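# A look at the structure
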Amino acid sequence: MTQPLGPVMLDLEGPKLTAAEKRLLLEPTVGGVVLFARNVENGYQVRKLCSDIRRIRADLLLAVDQEGGRVQRIKEGLTRLPPMARIGECYRANPADGLALAKDAGWLLGMEMAACGLDLSFAPVLDVESGLSSVIGDRSFSSDPQHVAQLGSAFIHGLHDAGMAAVGKHFPGHGGVAADSHVALPVDDRPLEVIKQHDLVPFAHLAGQLDGVMPAHVIYRAFDSRPAGFSPSWLGMLRESLGFKGCVFSDDLSMAGAHEAGEPKERARAALAAGCDMLLVCNDRNAALDVMDVCQGINTKRPAKLRYGRARPDLDALSALGRWRRAHAKLEALADNPKPSSE
């Protein structure tokens, strides 16, 4: 039976737990921990950190942003993954090879994250690249929505092969705005029909495959005056029209794009009211404590369903797997050589 979790996902100060963090993780409102580069030395240290966290709370959901390219928190001792745009280039050159590579990338990522003790990575990125967004850019598979949907599906299948959940982001699409929601509140003024026929395509195709979704801190004025992560209209569309059944993670409520909803407590209330299941509050401990205060007595089963449920692979034993060796060699070669071969 799935035990419910509190709705707050916290960050940590460094590569080891502090005494204050050990106490904080015992709070029932805390349901998860997300790791950043400052928490990481190498894969073995991450494995120990995850083990230390689980000794305090075995039920916590442990997550990281490990996409490839410039968003890869754990580097030392793991595969250097290329930006997903490189896989998109391979797909344009040879669709069958590109899909196989996307699936292998998802599988390898899932196996490595599981071996490090994590439950999930916030991947894949399903934003459609438009040439406008520097924060998305080569994190996207493609500027073609159908290509993003196809490659995203293959990547998700790979993650699932490894026993790991897939969390698509940033619903309904961050690629059409220039501003970075980490430091500003982007506004997308395109008509809703344009967004539906472009940015929403991957999410519409993959809603039934995804285990989690992270909405964007972006206002899409043609549909709602609130950022998507605070919008019952957008999250209602995700669940009702697109049929998504999984867990909705807020993007970090400390980001500038979230400040539109007010002070931390107001942001938390707005995100929960919109339909978010788990709230990320990072890089601002006082804000996290305020959010925890708002979330007293709230819990949900959806995030708990995303825990890694298999026997974890051993980091040292991955290289004994033929699939890992083949995928590792291809992906590292692509990371070193940004253009696919013409063969």
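Bear in mind that the values here come from a model prediction, so they are computed numbers and not experimental data. Counting restarts for each chain: residues are numbered from 1 in the order of the written sequence. At least 70 in pLDDT is required for a residue's local features to be given in this predicted model, at least 80 for side-chain atom pairs to be given and counted, and no such filter applies to totals for whole chains, interfaces and linings, which use all residues. Derived side-chain values reflect all non-hydrogen atoms in the structure, with water molecules and hydrogen atoms excluded from consideration.

Axis definition: a line fit to C-alpha positions, over the contact stretch in the case of helices; interaxial angles, taken between N-to-C directions, run 0 to 180 degrees. Runs of E in the DSSP output that reach at least two residues are strands. Runs of H or I that reach at least four are helices, and both are numbered from the N terminus. At a minimum axis distance of 5 Å, the contact between helix α3 (residues 84-93) and helix α4 (residues 95-115) shows a crossing angle of 150°. Between α3 and α4, the crossing angle belongs to the class labelled roughly antiparallel. Crossing of α3 over α4 shows left-handed handedness. Only P95, G98, L99, L101, A102 and A105 of α4 make contact with α3, whose side of the interface consists of I87, C90, Y91 and A93. Per-class residue counts for the contact of α3 with α4 are 9 nonpolar, 1 polar and no charged. Note on terminology: angles under 35 degrees are roughly parallel, angles over 145 are roughly antiparallel, angles of 65 to 115 are roughly perpendicular, and the others are oblique. Left-handed describes a crossing whose near helix is turned anticlockwise from the far helix through less than a right angle; right-handed describes the clockwise counterpart. When checking whether two residues touch, look at their non-hydrogen atoms; a contact exists if any pair is within 4.5 Å. Gly is put with the polar residues, along with every residue not named as nonpolar or charged; the nonpolar set is Ala, Val, Leu, Ile, Met, Phe, Trp, Tyr, Cys and Pro, and the charged set is Asp, Glu, Lys and Arg.

Counting buried residues along strand β7 (residues 167-171), 5 of its 5 residues qualify, which places the element largely inside the surrounding structure. When DSSP finds two or more bridges between a pair of strands, those strands are recorded as paired. Of the pairings in the sheet, the one linking β7 to strand β9 (residues 212-215) comprises 4 bridges and is parallel in character. Residue K169 lies in a different strand from β9, and its bridge partner there is M214. Categorising residues by exposure relies on relative accessible area from a 1.4 Å probe, with only protein chains included: less than 20% of the type maximum marks a residue as buried, more than 50% marks it as exposed, and the intermediate range marks it as partly exposed.

Take the UniProt feature "active site" (unreviewed entry) in the protein next. In the numbering used here, UniProt assigns the "active site" (unreviewed entry) feature to H182 and D251. These annotated residues cover 70 residues of sequence, but their C-alpha atoms sit close together, with the largest distance between any two at 9.8 Å. Mapped onto the secondary structure, H182 falls in the loop between β7 and β8 (187-188). Judged by relative accessible area, which is 45%, H182 ranks as partly exposed. On the secondary structure map, D251 appears in the loop between β11 (247-248) and α9 (264-274). The exposure class assigned to D251 is buried, which follows from its relative accessible area of 12%. UniProt positions are given in the numbering used here, feature names are shortened, and annotations may be inferred rather than shown by experiment.

Spatially, β6-β3-β2-β1-β12 is the arrangement adopted by the 5 strands of the open sheet, whose pairing is parallel. The open sheet has two free edges, formed respectively by β6 (120-121) and β12 (279-281), since each of these has just one partner strand. Relative to strand β2 (residues 30-35), strand β1 (residues 8-10) runs parallel, the two being bridged by 3 bridges. Paired with V8 across the bridge in β2 is V30.

In this section: the packing of aromatic side chains. Classification of ring pairs rests on two measures: the distance between centres of Phe, Tyr or Trp rings, Trp counted by its six-membered ring, which must be within 6.5 Å, and the angle between planes, read as stacked under 30 degrees, edge-to-face over 60 and tilted in between. Tallied over the entire structure, the rule returns 6 aromatic pairs. For the pair F171 and F203, a centre-to-centre distance of 5.4 Å together with 85° between the ring planes defines the contact as edge-to-face. In this pair, F171 sits in strand β7 while F203 sits in helix α7 (residues 201-206), placing the two residues 32 residues apart along the sequence. A single burial state applies to F171 and to F203, both of which are buried. Arranged with centres 5.3 Å apart and planes meeting at 70°, the rings of Y220 and W234 form a pair that is edge-to-face.

Next up on the list: the UniProt feature "binding site: substrate" (unreviewed entry) in the protein. Per the UniProt record, "binding site: substrate" (unreviewed entry) is found at D65, R73, R139, K169 and H170. Not counting the four nearest positions on each side in its chain, R73 is found in contact with L35, F36, A37, V40, V64, D65 and Q66. Secondary-structure assignment places K169 in strand β7. On the basis of relative accessible area, K169 is assigned to the buried category, the value being 2%. Beyond its immediate chain neighbours, meaning those up to four positions away, K169 contacts D65, E67, F122, P124, V125, L126, D127, R139, F203 and M214. A distance of 2.7 Å separates the side chain of K169 from the side chain of E67, its partner in a polar contact. N or O atoms within 3.5 Å of each other form a polar contact, as long as, within protein, one can give a hydrogen and the other can take it, and as long as residues adjacent in sequence are counted only when both atoms are side-chain atoms.

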